[in-house]
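Below, each chain spelled out in residue letters.
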Amino acid sequence: MKFIVCIKQVPDVNAPLQIKDGQLIQDADRNILNAYDASAVEEALVLQEAHGGEVDVVLIGPEKGKEAIRKALAMGADSGTHILTGGNENYDSYSYAKILAAFLKDKQYDYVLCGKQSQDTDAGLTGSMLAELLGLPFTTNAVGLSKDGEQLLVKRQGDAGQEMILLPSPGLATCSNDMNDPRIPSLKGIMQSKRKPVDTIPITELDADVGPDDSKTKVTGYEEKPKREPGKKYEGEPEEIAKQVAQLLDTAENVI
Amino acid sequence: MSTILTYISITDGKIKRSSLEVLTRCNELAEQHGMESSAIIISDNVTGAADQLKKYGPSVIYTIEDPIFKNHLNTPLLRALSIAMEKISPEVLAFASTESSKDILGALAANRKAASLADVSEFELTGNGVKAKRPVMASKIISSVEATGSPVILTVRSGSYDLVEKPADSKVEEIPFSFSDSDLNITLKEIISATGDKVDLSEAETVVAAGRGVKDEEGRKLIDELATVLNAGIGASRALTEAGDYDPSLQIGQTGKVVSPQLYIGIGISGAIQHVAGITNSKVIVAINKDPDAPIFEIADYGLVGDLYKVLPLFIEELKKVKRET
Ligand SMILES: Cc1cc2nc3c(=O)[nH]c(=O)nc-3n(C[C@H](O)[C@H](O)[C@H](O)COP(=O)(O)OP(=O)(O)OC[C@H]3O[C@@H](n4cnc5c(N)ncnc54)[C@H](O)[C@@H]3O)c2cc1C
Ligand SMILES: Nc1ncnc2c1ncn2[C@@H]1O[C@H](COP(=O)(O)O)[C@@H](O)[C@H]1O
C-alpha cells in the first residue's frame, strides 16, 4: 500500500508562551512534528514493514518546516514534499485542505493519512475537508489501522464504543495518538534521512486557488485562560484530611 | 426570517444534555437578533426525541428518520445534513462537540463552502458571521476567532452554556430522505462497545478519574467503589487507557473527552496540561496525589497529599457517612 501522510510542524505547547498586544509569542526553536501526525507516520511505517509499500510525507509550511519532514524521514518514511510558504500567511484549515488537495489531485496513492487535529489549535478540520475536496471516503479519529485484503480496516474511537470500519482505496483516515507510541529516530535513521529525497514546491507553483488572506476564519487575538482560584492543600494524617475534605465537599460546596 | 439551526444528538432515545446547552444559546441569540431558532434531529427513531425537545423552545423541529442512522456513519449523515441545509438555509448550524460531530464538521463545511469553527467555548453573531472563543495550546490560551459568511458551521464544548427550559409550541417538520446501502462508501463491520461505562462521561455530574498512581486491581476496585458511592462516571488519564486498564472512550483530556461535572476527583494523576485541558470546566476539582509538587495541585480546589491506597479507603468511608447524614 502506498501512504501519503500529511504532516504539520506546530509550536510545542510545553514551551513558555507570552501574549503581547493580543499576539501569541512563541519560540520558533521549539517547534515540533505534530504528535498526531507522528502517530500517523508510525502506523504507516508499521504497515509498510509488515506488507511492503511506500510511505511519503507532505508538509505545507515555511523553510523551518523541513525539520519536521526530516524527522519523519528519520523515523523511516521514504520521501518528502515540502510545499514552501513565506510563513506570514493567514491560512486556516480550509486553506491547508485546498492546498493539499491541489497537490494530491493527480497523485497515485492508496491512502492519505492526516492527524486527527493540530496539537496547538485542536481544530480537527483539515482531514475531512481534504477528503471532501478529493471526493475520498474517509474516517476520523482512528486508533488502529490494519490491512484487510486490499483495504484498510480502521478502528475508530467513537463517542461510546469503537467502530471497525472498512475503508476502500483510495481513502483517507485521520489518526489519534492513541494508536501507538511513535518511534524515536535512531542515529542510523537520522543519517539515512539526509540522503532521502525532499521535493520543494513553492506554494505559488501550485494551482490551489488560496490567497494568503482569503481564509474564511481569522484569529483576532489571544488571552491567557483565566486562572482558577488557588485551592488548598491538605497534608496531614490521612484520617484527618479525608474527613475534612469529605465534609467540606458537602457543606461548603454542596456537590455530594 | 433567517434561522439558527441546532443539531440535536440523541443516544438511546435520550437527547444529549450538551445539545440542549447549544440550543439554549441559539435560542438566546435568535431572540437578540430577531431570528428563528430551530432544531434538527437525524435518527433511526425521532418520535420520542421530538416530543422531549418541545420543552426547549425551537420554533421548528426538523426531523430526518431512516434506519441507516442506527449507528454513526459519516456518509449518510453528511448527505442528510446537506439536504437539510439546502432546504433551511440557516445562518448558523451549531452542534455539541462530540466524536460524531467532529467526524463530519470539516467535510460538511467544505461541501457547503462554509466557514467552520470547532470546539468553541463561547459564540455570538456579528452580522456577517460568527465571533467566538476557542481554547488553544492545550487549553492554556483562549483565542478569539471570527468566521465570515453564511452559513457558519460550528461545534460547542460541553458545559459552555447552562441549559434553560423554554416550553414552546414547536412545529415538527419531516424532511424526506432516502439512502440505499449502495450509496455507502465505507462499511461498518462491527462496534466494540465500551465496557462498564454506565454514565456518559461528558455529561456526568460527578467524575472520578484514575491515573498512573492507580497501579493494580486493588486500586481499580477503590476507584469503582468511590464512583458507586458518588454515582459518578469513571474516567482515566492517557497513562491508563494506553496501558489497557481503562477503555479508550474513558480518556479525559486533549485527545480524549472534555468533561464539565460539578465535581471532578483525580486520583494518582499528575496533572499534565493535556489532561487538564479536559477538566477545567469542572466546578470543583479534588486531587489525591502522594507528590506534594504534582502540577494537579495548582488547579485543585481541594488537594489531598498522600498515598491513594491509604487515603482513598478512608475518604470513601467519610463520604458514605456524609451521605448517610444528608
Ligand atoms: C498530543 C497529546 C495529547 C494528549 N492527550 C491526553 C489526554 O487526552 N488525556 C490524558 O490524560 N493525557 C494526554 N496526554 C498525555 C499526558 O501528557 C500525560 O502523559 C498523561 O496525562 C499522564 O497520565 P498520569 O497523570 O496518569 O501519569 P503520570 O504523569 O505518570 O502521573 C502519575 C501520578 O500518580 C502519582 N502517584 C503514584 N503513585 C501514587 C500513589 N500510591 N498515591 C497517590 N499518587 C500516586 C504520582 O505522584 C504522579 O503524579 C497527551 C499527550 C500528548 C502529547
Ligand atoms: N500545513 C500543513 N501541512 C501538512 N498537513 C497539514 C497542515 N495543516 C494541517 N495538516 C493536516 O491536518 C491535520 C490537522 O488538521 P487541523 O486540526 O484542522 O489543523 C494535521 O494533523 C495534518 O495531518
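Residues numbered from 1 in each chain as written. Chains lettered and ligands numbered in written order. Predicted model: local features only at pLDDT ≥ 70, side-chain atom pairs only at ≥ 80, totals over all residues. Heavy atoms only, no water.

**A closer look at the overall build of chain A**
Short version of the rule: Strands are runs of DSSP state E lasting at least two residues, helices are runs of H or I lasting at least four, and both sets are numbered from the N terminus onward. The cut-offs for exposure are 20% and 50% of the maximum accessible area for each residue type, with area from a 1.4 Å probe on protein chains only; residues under the lower value are buried, those over the upper are exposed, and the others partly exposed. Throughout, a contact is declared for two residues whenever any of their heavy atoms are within 4.5 Å. Every accessible area reported is derived by Shrake-Rupley at a probe size of 1.4 Å, with residue values counting cover from the shown protein chains alone. Charge assignment in this entry is limited to Lys and Arg as positive and Asp and Glu as negative, and neither His nor the chain termini are counted. All charge positions are set by atom: Lys at NZ, Arg at CZ, Asp at CG, Glu at CD.
Secondary structure assignment for chain A yields six helices and 15 strands. The burial tally for chain A puts 52% of its 256 residues in the buried class. Intrachain contacts of chain A at a sequence separation of at least 6 include 72% that bridge at least 24 residues. Of the roughly 11,300 Å² of accessible surface on chain A, a fraction of 47% belongs to carbon and sulfur atoms. A distance of 3 Å separates the average location of the 28 positive side-chain charges in chain A from that of its 41 negative side-chain charges.

**A word on the site of ligand 2**
All names here are of chain A. To keep it simple, the criterion reads: Proximity is defined per residue: if any heavy atom of the residue lies within 4 Å of a molecule or strand, that residue is considered near it. Polar contact is the term for a pair of N or O atoms within 3.5 Å; when the atoms are in protein, one must be able to donate a hydrogen and the other to accept it, and sequence-neighboring residues count only if both atoms are side-chain atoms. Each residue is assigned to one class: nonpolar for Ala, Val, Leu, Ile, Met, Phe, Trp, Tyr, Cys and Pro, charged for Asp, Glu, Lys and Arg, and polar for all the others, Gly among them.
Near ligand 2 lie 19 residues; those nearest to it are Cys-6, Asp-37, Ser-93, Ser-118 and Gly-124. Take Asn-34: an N or O atom from its side chain is 3.1 Å from an oxygen atom of ligand 2. Separating an oxygen atom of ligand 2 from a backbone N or O atom of Gly-124 is a distance of 2.6 Å. Burial of ligand 2 by the surrounding chains reaches 99%, relative to a free accessible area of 480 Å². Of all the secondary structure elements, the ones that give two or more residues to the shell around ligand 2 are β6 (54-61), α3 (93-104) and β8 (111-115). Looking at the shell around ligand 2 residue by residue, the class counts come to ten nonpolar, seven polar and two charged.

**Quick notes on a negative patch on the surface**
Residue and element names in this part refer to chain A. Operational definition: Each patch is built from residues that are more than 30% exposed by relative accessible area and take part in no salt bridge. Like charges join if they lie within 9 Å; nonpolar side chains (Val, Leu, Ile, Met, Phe, Trp, Tyr) join within 5 Å. Here, a salt bridge means any side-chain nitrogen of Lys or Arg that lies within 4 Å of a carboxyl oxygen of Asp or Glu.
Residues Asp-207, Asp-209, Asp-213 and Asp-214 make up a contiguous surface patch of negative charge. With respect to the secondary-structure elements, Asp-213 resides in the loop between β13 (198-202) and β14 (217-224). Taking relative accessible area as the criterion, Asp-213 reaches 59% and is therefore assigned exposed.

**A look at the domain arrangement of chain B**
Residue and element names in this part refer to chain B. Under the convention used in this document: Residue ranges assigned to the domains are those given by an automatic or database domain assignment. Buried surface area refers to the total accessible area, computed with a probe of radius 1.4 Å, that the two partners give up upon joining, counted for both partners together.
Assigned domains within chain B: domain 1 (3-183) and domain 2 (206-325). Facing seven residues of domain 1, the contacting portion of domain 2 comprises six residues. Regarding the contact of domain 1 and domain 2, the summed buried area is about 650 Å², with carbon and sulfur atoms giving 44% of it. If you sort the residues of domain 1 by the area they bury against domain 2, Ala-138, Arg-157 and Ser-158 come out on top, with a joint share of 57%. The interface formed by domain 1 and domain 2 holds two residue pairs in polar contact (both at pLDDT 80 or more) in total. Of the residues in the side of domain 1 that touches domain 2, the class split is one nonpolar, three polar and three charged.

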